Amino acid sequence: MKKIGFLNGPNLDRLGKREPKIYGTTTLGEIEQFVSEEAKNLGHSSSAFQSNHEGALIDKIHEWADQGFFGLILNPGGFTHTSVALRDAVVASGLKTVEVHLSNVHAREDFRHKSLISGIASAVIAGMGYTGYIAALRFLSEES
Ligand code: DQA
């Protein structure tokens, strides 16, 4: 059994209401439920956390690392494109990390094409909507 953290950054608490043409109509609560159920089906356990604050996200990564988590499914939201500190926390944690974006960031504005996380992630998923999180879970389930 692996412990997997599901971490969402700023504005992702607004899913369902926020730009539904881009991000869909499924709420974060519903997605967290799907991820939790799929983790159980695969024989693993998952914990979910969302924050609009960079430091809170970093603290949670440290906490999960100290608790012996195996993997991290991370949608850093806008911090993807700006946060050296979040990247450093992911590296320091040693967690196997999948970076997930609901939208295809590469088909959007130029500033979304650069990610500070992708270079240190084990895998990157973009543009699959919330099913990207399920794909990330299945990937982590197969990894050792
Ligand atoms: C996002 C893409 C980011 O560029 C944006 O700032 C988000 C959401 C996505 O899931 O597509 O907040 O990470």
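Residues numbered from 1 in each chain as written. Predicted model: local features only at pLDDT ≥ 70, side-chain atom pairs only at ≥ 80, totals over all residues. Heavy atoms only, no water.

Across its full length, the protein carries five helices and five strands. In the protein, the succession of α and β elements from N to C terminus is β-α-α-β-α-β-α-β-β-α. Over its C-alpha atoms the protein spans a radius of gyration of 14 Å, differing by no more than 12% from the 15 Å that the globule rule assigns to 144 residues. By principal-axis analysis of the C-alpha atoms, the protein measures approximately 40 × 30 × 25 Å. For the protein, with 144 residues in total, the buried portion stands at 45%. A separation of at least 24 residues holds for 76% of the contacts in the protein among residues at least 6 apart in sequence. Total accessible area computed for the protein in this model is approximately 6,900 Å², and 49% of it derives from carbon and sulfur atoms. (Helix = DSSP H or I, 4+ residues; strand = E, 2+ residues; numbered from the N terminus. Rg over C-alpha atoms; globule rule 2.2 N^0.38 Å. Buried < 20%, exposed > 50% of the residue type's maximum accessible area, 1.4 Å probe, protein only. Contact = heavy atoms within 4.5 Å. Areas by Shrake-Rupley, 256 points an atom, 1.4 Å probe, with all protein chains shown as cover.)

Taken as a whole, this structure holds three aromatic pairs when the rule is applied. Over the ring of Phe-70 we find Lys-2, and its NZ or CZ is 4.6 Å from the ring centre. (Phe/Tyr/Trp six-rings, centres within 6.5 Å; stacked < 30°, edge-to-face > 60°. Lys NZ or Arg CZ within 6 Å of the ring centre and 35° of its normal.)

A separate point is the nonpolar core. Counting residues in hydrophobic clusters, the biggest one holds 20 residues, and the most contacted among them are Leu-15, Val-35, Ile-73, Val-98, Val-100 and Tyr-133. Taken together, the elements giving at least two residues each to this core come down to strand E1 (3-8), helix H2 (28-41), strand E4 (96-101), strand E5 (123-126) and helix H5 (131-142). Here this core takes five residues from H5, the largest share from any one element. Apart from the residues within four sequence positions on either side, Val-100 is in contact with Ile-73, Leu-74, Asn-75, Pro-76, Ile-125, Gly-132, Tyr-133 and Ala-136. Counting residues in hydrophobic clusters, the runner-up holds 14 residues, among them Leu-7, Phe-79, Leu-86 and Leu-95. (Core = buried A, V, L, I, M, F, W, Y, C linked by side-chain atoms within 4.5 Å.)

Below, the discussion takes up H5. The end-to-end C-alpha separation of H5 is 17 Å, in line with the 16 Å expected for 12 residues at 1.5 Å each. For H5, the complete set of buried residues consists of Gly-132, Tyr-133, Ile-134, Ala-136, Leu-137, Leu-140 and Ser-141. Contacts from the buried residues of H5 go to E1, H2, strand E3 (71-75), E4 and E5. (Expected span 1.5 Å × (residues − 1).)

The buried fraction of E1 amounts to five of the six residues, a majority that puts the element mostly inside the structure. Looking at chain direction, E1 and strand E2 (residues 45-50) are connected through six bridges and run parallel. Bridge pairing links Lys-3 to Ser-45 in E2. Note that E1 and E3 share five bridges and pair parallel. The residue of E3 that forms the bridge with Phe-6 is Ile-73. (Pairing = 2+ DSSP bridges.)

Keep in mind that these numbers describe shape and distance, not what the molecule does.
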